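# Fold and contact review
These are the residues of each chain, in order.
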Amino acid sequence: MRNLDQNTITDAVLARFADTPDPRLKTIITSLVRHLHDFAREVELTEAEWEKGIDFLTRVGHITDDKRHEFILLSDVLGLSMLTVAMNQDKPRGCTEATVFGPFHVEGAPHYELGDDIANGAAGTPCVVRGTVRGLDGEPVANARMDVWQSDHDGLYDVQHPDLDHAQARGILHTDDQGRFHFRSVVAVPYQIPHDGPVGQLLDATNRHPWRPAHLHFKIDAPGYESLITHVFRNGDPWLDSDAVFGVRESLVADWVEQDDGTYLLEFDFVLNRKD
Ligand code: BEZ
Ligand code: FE
C-alpha cells in the first residue's frame, strides 16, 4: 500500500480498520474516517489550517479539568449535544421533553427535604418551585429523585465561584407519595456560557453570542421510568430564540409568576416515560 493519493487514501484507511472486532466501533470509526476525509477534501484544508485546528483542540484539552468541561461546551455550541438528545430522547407525546445536560451538573449534591431552600446562600430573588412528577397515564410517581441545579443571580453556578467551598443552588429532593414536590430557590437569570477559552474564541470569530436563556436544570429518576434530563426555561427571556447551545423547546418554557411579596412562583409538572 504505497503512493496513496488524496482519493485513494480513504479506502486504504478504511481497510486498516476492517478487522475491528466490535461491530459498533467499526461502524463509528468507518463513518468518522469517511466524513473527516470528505470534509478535508470539500474545504480543501491547508496544512496551516489543520495545524490551527490541532492547536484549537489542544487548547480545549488544556483548559479542561473536573470543573471546566470545554469539550462538552464545544459539543454544545456545535449543536452536537442537542442533536444527540433529539435523536435518542424522542419520547411519546405527552412526556416532558429532554434537553442538554450541560457542563455544570455535579455528582453528590446535598440532599434536601421538600420545602427546603436549595439556594443555600446563593444570591438572587427568592422563589418557590412546585409541581408534580407523573407517568403518561397520569399516575403520580412517588419518591422520584429530583436532582436540581441552577446559576445564581450573577449567572454563575457554584462551581464557577473559585472561593466557594459548599454547594449552592443545587440539590436532591424526592417527591412525596402523591408525586408532588416543592422547594425554595432563587429566580433563574440568563447567563453567558464560559467564553474565556477556546470555545469563546470560536464564538467570537463566528459572530455568535454566548447567552443562554434563564433556566432551571432537572434530572429526574424513578424506578420503572426512563431518566429525564431537562430544563424549565423562563418565559419572556430575550435569548429563548437564540440559545447558544440550541436547547430550547417550547414545551419547556414556563412563567415565574411574581407574588404580592415580590417573590416568584414557578409551577411545572413533569411527565416521565415508562421503561418497557
Ligand atoms: C447549562 O445550561 O448549564 C449549559 C449548557 C451548555 C453549555 C453551557 C452551560
Ligand atoms: Fe444551565
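Residues numbered from 1 in each chain as written. Chains lettered and ligands numbered in written order. Predicted model: local features only at pLDDT ≥ 70, side-chain atom pairs only at ≥ 80, totals over all residues. Heavy atoms only, no water.

## Topic: the coordination of the iron ion (ligand 2)
Surrounding the iron ion (ligand 2) are the protein donor atoms Tyr157 (OH), Tyr191 (OH), His215 (NE2) and His217 (NE2), at 1.9 to 2.1 Å. Coordination geometry of the iron ion (ligand 2): the six donor atoms subtend angles of 55 to 164° at the metal centre, consistent with an arrangement described as irregular. Residue class for His217 comes out buried when judged on its relative accessible area of 3%. (Donors = N, O, S within 2.8 Å, 3.2 Å for Na, K, Ca; no water. Tetrahedral: all angles 85-135°; square planar, octahedral: opposite > 155°, others 65-115°. Buried < 20%, exposed > 50% of the residue type's maximum accessible area, 1.4 Å probe, protein only.)

## Focus: the nonpolar core
If you look at the biggest cluster of nonpolar residues, it comprises 51 residues, and the most contacted ones within it are Val133, Phe183, Phe218, Ile220, Trp256 and Phe270. The contacts of Ile220, once residues within four sequence positions are left out, are Val133, Ala144, Arg145, Met146, Glu226, Ser227, Leu228, Phe270 and Leu272. (Core = buried A, V, L, I, M, F, W, Y, C linked by side-chain atoms within 4.5 Å. Contact = heavy atoms within 4.5 Å.)

## Comments concerning the site of ligand 1
What surrounds ligand 1 is a group of 13 residues, the closest being Asp76, Tyr191, Arg212, His215 and His217. In the environment of ligand 1, an oxygen atom lies 3.3 Å from a nitrogen or oxygen atom belonging to the side chain of Tyr157. Within the side chain of His215, an N or O atom sits 2.9 Å from an oxygen atom of ligand 1. For ligand 1, whose unbound accessible area comes to 270 Å², protein coverage reaches 100%. Of all the cavities here, the one that holds ligand 1 is the largest cavity. Of all the secondary-structure elements, those providing two or more residues to the shell around ligand 1 are α4 (70-77) and β7 (215-221). Considering only residue class, the shell around ligand 1 consists of seven nonpolar, four polar and two charged. (Near = heavy atom within 4 Å. Polar contact = N/O pair within 3.5 Å; in protein donor to acceptor, adjacent residues only side chain to side chain. Areas by Shrake-Rupley, 256 points an atom, 1.4 Å probe, with all protein chains shown as cover. 1 Å grid on protein atoms, 1.4 Å probe; cavity = no way out; pocket = protein on both sides within 12 Å on 5 of 7 lines; lining within 4 Å. Sits in = over half its atoms within 2 Å of the grid points. Helix = DSSP H or I, 4+ residues; strand = E, 2+ residues; numbered from the N terminus. Nonpolar A, V, L, I, M, F, W, Y, C, P; charged D, E, K, R; others polar.)

## Topic: a nonpolar patch on the surface
A cluster of nonpolar residues, Leu32, Leu36, Phe39, Val43, Leu45, Trp50 and Ile54, forms a patch on the protein surface that exposes about 640 Å² of accessible area. Within the residue set of the nonpolar patch, elements represented by two or more residues are α2 (23-43) and α3 (47-63). The element that contributes the greatest number of residues to the nonpolar patch is α2, accounting for four residues. You can see Leu36 is positioned in helix α2. Exposure remark for Leu36: the relative accessible area of 47% places this residue in the partly exposed category. (Patch = residues over 30% accessible without salt bridge, like charges linked within 9 Å, V, L, I, M, F, W, Y side chains within 5 Å. Salt bridge = Lys/Arg side-chain N within 4 Å of Asp/Glu carboxyl O.)

## Brief notes about the layout of surface pockets
Of the voids in this model, the largest pocket is the one considered here, and its volume is about 820 Å³. Elements that contribute at least two residues to the lining of the largest pocket include exactly α2, α3, α4 and α6 (198-205). When residues in the lining of the largest pocket are grouped by element, the largest group, eight residues, is from α3. Its residues assigned to classes, the lining of the largest pocket shows 13 nonpolar, three polar and three charged. When residues of the lining of the largest pocket are assigned to domains, at least three fall in each of domain 1 (1-45) and domain 2 (71-272). (Points joined across faces, edges and corners; volume = space filled by probe spheres on them. Domains from an automatic or database assignment.)

## A word on the domain arrangement of the protein chain
Assigned domains of the protein chain: these are domain 1 (1-45) and domain 2 (71-272). Between the C-alpha centres of domain 1 and domain 2 there is a distance of 39 Å.

## Observations regarding the pattern of salt bridges
Counted by the stated rule, this structure contains 13 salt bridges. A salt bridge links Arg145 to Asp147, with the shortest nitrogen-to-oxygen separation between them at 3.9 Å. Judged by its relative accessible area of 28%, Arg145 is partly exposed. A relative accessible area of 4% means that Asp147 is categorised as buried. A salt bridge links Arg170 to Asp158; its shortest N-O distance comes to 2.7 Å. With Arg170 in strand β3 (residues 170-174) and Asp158 in the loop between β2 (145-149) and β3, this pair connects stretches of sequence that are 12 residues apart.

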